[in-house]
Amino acid sequence: QLFAALTDAPKPAWFARAWRRSGAPPKGVLVLHMDFWLRPSFFEGRTKNGALDSDRPWLLAAGLNRPPSETVKEYRVFGRACLSDDELDANDEWTWGHGVRGIARGAWRRAVPDKPPVVCAAWADLFYLPRSTWKAFSDLASDAFSSVHHEVGVATALR
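Because the structure is predicted, anything quoted here is derived from the model rather than measured.

Rules used throughout
- Residues numbered from 1 in each chain as written.
- Predicted model: local features only at pLDDT ≥ 70, side-chain atom pairs only at ≥ 80, totals over all residues.
- Heavy atoms only, no water.
- Helix = DSSP H or I, 4+ residues; strand = E, 2+ residues; numbered from the N terminus.
- Buried < 20%, exposed > 50% of the residue type's maximum accessible area, 1.4 Å probe, protein only.
- Core = buried A, V, L, I, M, F, W, Y, C linked by side-chain atoms within 4.5 Å.
- Contact = heavy atoms within 4.5 Å.
- Pairing = 2+ DSSP bridges.

*Asks:* So what exactly am I meant to see when it comes to the environment of leucine 129 here?
*Replies:* Mapped onto the secondary structure, leucine 129 falls in strand E7 (residues 126–130). Judged by its relative accessible area of 0%, leucine 129 falls in the buried class. Taking the C-alpha atoms as reference, leucine 129 lies 8.9 Å from lysine 27; in sequence the two are 102 residues apart.

Structural data, given as structure tokens:
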């Protein structure tokens, strides 16, 4: 809903109350889940010096914790990974619960029917999208990837 509201689509009522336009339109939007602390100066400094490109999407590099299982006895930090159709079935580095493998494959096939499925997983508690991506991301998030777990759907849609 957020990215659809940021495009030229009709705005939902909540958006008009939440959005206060002042001056130039936003260059991008930072989406985050509020279970961690951020220092705005970190982002400001890194965008000014070019370390974070505000014209490209950002995802966190790592942060998903894979809990122990019968085959993996310790916790592991899982970074962003994209897997081909065959690799996806063999992967046990991340918890692929709730049928997300099949759901994500189906979403990819609807979104990109002419290419073999590639499914990604990444920590999606914080990501940034520049204005140029809002329409495409909104279309994917509200259609093909709408029922895909966010830590798979966001990373795959941004692929």
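*Asks:* Teacher, can you tell me more about the nonpolar core here?
*Replies:* Nonpolar side chains in soluble globular proteins tend to end up buried together. Counting residues in each nonpolar core, the largest one holds 20 residues, and the members touching the most others are Trp96, Val119, Phe137, Phe145, Val148 and Val152. At the level of elements, helix H5 (100–111), strand E6 (118–121), E7, helix H6 (134–142) and helix H7 (150–158) are the ones that each hand at least two residues to this core. What valine 148 contacts, discounting residues up to four positions off in sequence, is Val100, Ile103, Ala104, Ala107 and Gly153. Ranked by size, the runner-up nonpolar core spans 5 residues in total, among them Trp108, Val118, Ala122 and Ala155.

*Asks:* Hey, could you run me through the sheet that holds E7 in this one?
*Replies:* Sheets are built from strands paired through backbone hydrogen bonds, the pairs being either parallel or antiparallel. Reading across from one edge, E1-E7-E2 is the order of the 3 strands in this open sheet, with antiparallel pairing throughout. Of all strands in the sheet, those with a lone pairing partner are strand E1 (28–32) and strand E2 (58–59), marking the two edges.

*Asks:* Looking at this structure, I do not really get H7. What am I missing?
*Replies:* Count 3.6 residues to each turn of an α-helix, and residues three or four apart come out pointing the same way. Counting buried residues along H7, 7 of its 9 residues qualify, which places the element largely inside the surrounding structure. The set of residues buried in H7 consists of Glu151, Val152, Gly153, Val154, Ala155, Thr156 and Ala157.

Function-wise, these values are silent; they only describe arrangement.
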